[in-house]
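For reference, the chains in residue letters:
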Amino acid sequence: MCWLGQILRFLLLLSSRVVLIGGVICGAAAAWGYYGYQRIGCHPMFSSANIECGTVQVMSAEHSLAMVRMFAPYQQQLRDNQTELMLYAGAVIIWAILIELVFGAFAIMRRRRHKRDLFKGATHIKAEESTEPL
């Protein structure tokens, strides 16, 4: 049954890390999209000759427009269920953080216990060596 616990631990840690990595990637994509939305005037379709735009601003504006095209079909569902979506996403991310913290705390306790047991074993052997007659 020990291997079943190891598999369960692996799957829990894997799922929590996938959720956390996905959250970071989605947050970065949202920040990049917002940056592009602020500079939508730099998009070649909307730009005028008097606006100075660099390649980063143009690229972020293009990516922002691509994100809008991707989410536009689902805009009404996202708007209607925004509260539930944010609640569920927040709960999943908090749950993933708690899994990481709990397993991290168990790993620290296991390492400390292992070091303590090694130290006890070394002192016990040293104590036996000192009581042996020469």
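### As for helix 1 (residues 2–38)
Right, on to step 1. Taking 1.5 Å of rise per residue, the 37 residues of helix 1 would be expected to cover 54 Å, and the 54 Å separating its terminal C-alpha atoms lies within 8% of that figure.
Right, on to step 2. Within the sequence span of helix 1, burial applies to Leu13, Ser16, Gly33 and Gly36.

### Points about the pattern of salt bridges
Right, on to step 1. Tallying each qualifying case throughout the model produces one salt bridge.
Right, on to step 2. Of the charged contacts, one joins Glu100 and Arg17 as a salt bridge, the two residues approaching to 3.0 Å between their closest N and O atoms. With Glu100 in helix 4 (residues 82–131) and Arg17 in helix 1, this pair connects stretches of sequence that are 83 residues apart.
Right, on to step 3. Its relative accessible area of 45% is what places Arg17 among the partly exposed residues.

### A word on the packing of aromatic side chains
Right, on to step 1. Under the defined criterion, the tally for this structure stands at one aromatic pair.
Right, on to step 2. Taking 5.8 Å as the distance between ring centres and 25° as the angle between the ring planes, the aromatic pair formed by Trp32 and Tyr35 counts as stacked. Taken together, the residues span about one helical turn, with Trp32 and Tyr35 both in helix 1 at a distance of three residues.

### What about the environment of Val56?
Right, on to step 1. When you line up the elements, Val56 lands in helix 2 (residues 55–71).
Right, on to step 2. A sequence separation of 14 residues divides Val56 from Cys42, and the C-alpha atoms of the two residues are 9.7 Å apart.

### Comments concerning a positive patch on the surface
Right, on to step 1. Taken together, the side chains of Arg9, Arg110, Arg111, Arg112, Arg113, Lys115 and Arg116 present a region of like positive charge at the surface.
Right, on to step 2. It is helix 4 that contributes the most residues to the positive patch, six residues altogether.
Right, on to step 3. When you line up the elements, Arg110 lands in helix 4.

### Focus on helix 2
Right, on to step 1. Look at helix 2: 24 Å from first C-alpha to last across 17 residues, which is about the 24 Å you get at 1.5 Å a residue.
Right, on to step 2. Of all the residues in helix 2, the buried ones are Ser60, Ala61, Ser64 and Leu65. Looking straight down helix 2, one finds that the buried residues subtend no more than 135° of arc, so they occupy a single side. What points out from helix 2, more than 90 degrees from its buried face, is the exposed set Thr55, Arg69 and Met70.

Definitions and limits used
- Residues numbered from 1 in each chain as written.
- Predicted model: local features only at pLDDT ≥ 70, side-chain atom pairs only at ≥ 80, totals over all residues.
- Heavy atoms only, no water.
- Helix = DSSP H or I, 4+ residues; strand = E, 2+ residues; numbered from the N terminus.
- Expected span 1.5 Å × (residues − 1).
- Buried < 20%, exposed > 50% of the residue type's maximum accessible area, 1.4 Å probe, protein only.
- Salt bridge = Lys/Arg side-chain N within 4 Å of Asp/Glu carboxyl O.
- Phe/Tyr/Trp six-rings, centres within 6.5 Å; stacked < 30°, edge-to-face > 60°.
- Patch = residues over 30% accessible without salt bridge, like charges linked within 9 Å, V, L, I, M, F, W, Y side chains within 5 Å.
- Areas by Shrake-Rupley, 256 points an atom, 1.4 Å probe, with all protein chains shown as cover.
- Lys, Arg positive; Asp, Glu negative; His and termini not counted.
- Charge placed at Lys NZ, Arg CZ, Asp CG, Glu CD.
- Arc of directions from axis to C-beta.

Everything listed is a geometric property; what it means functionally is a separate question.
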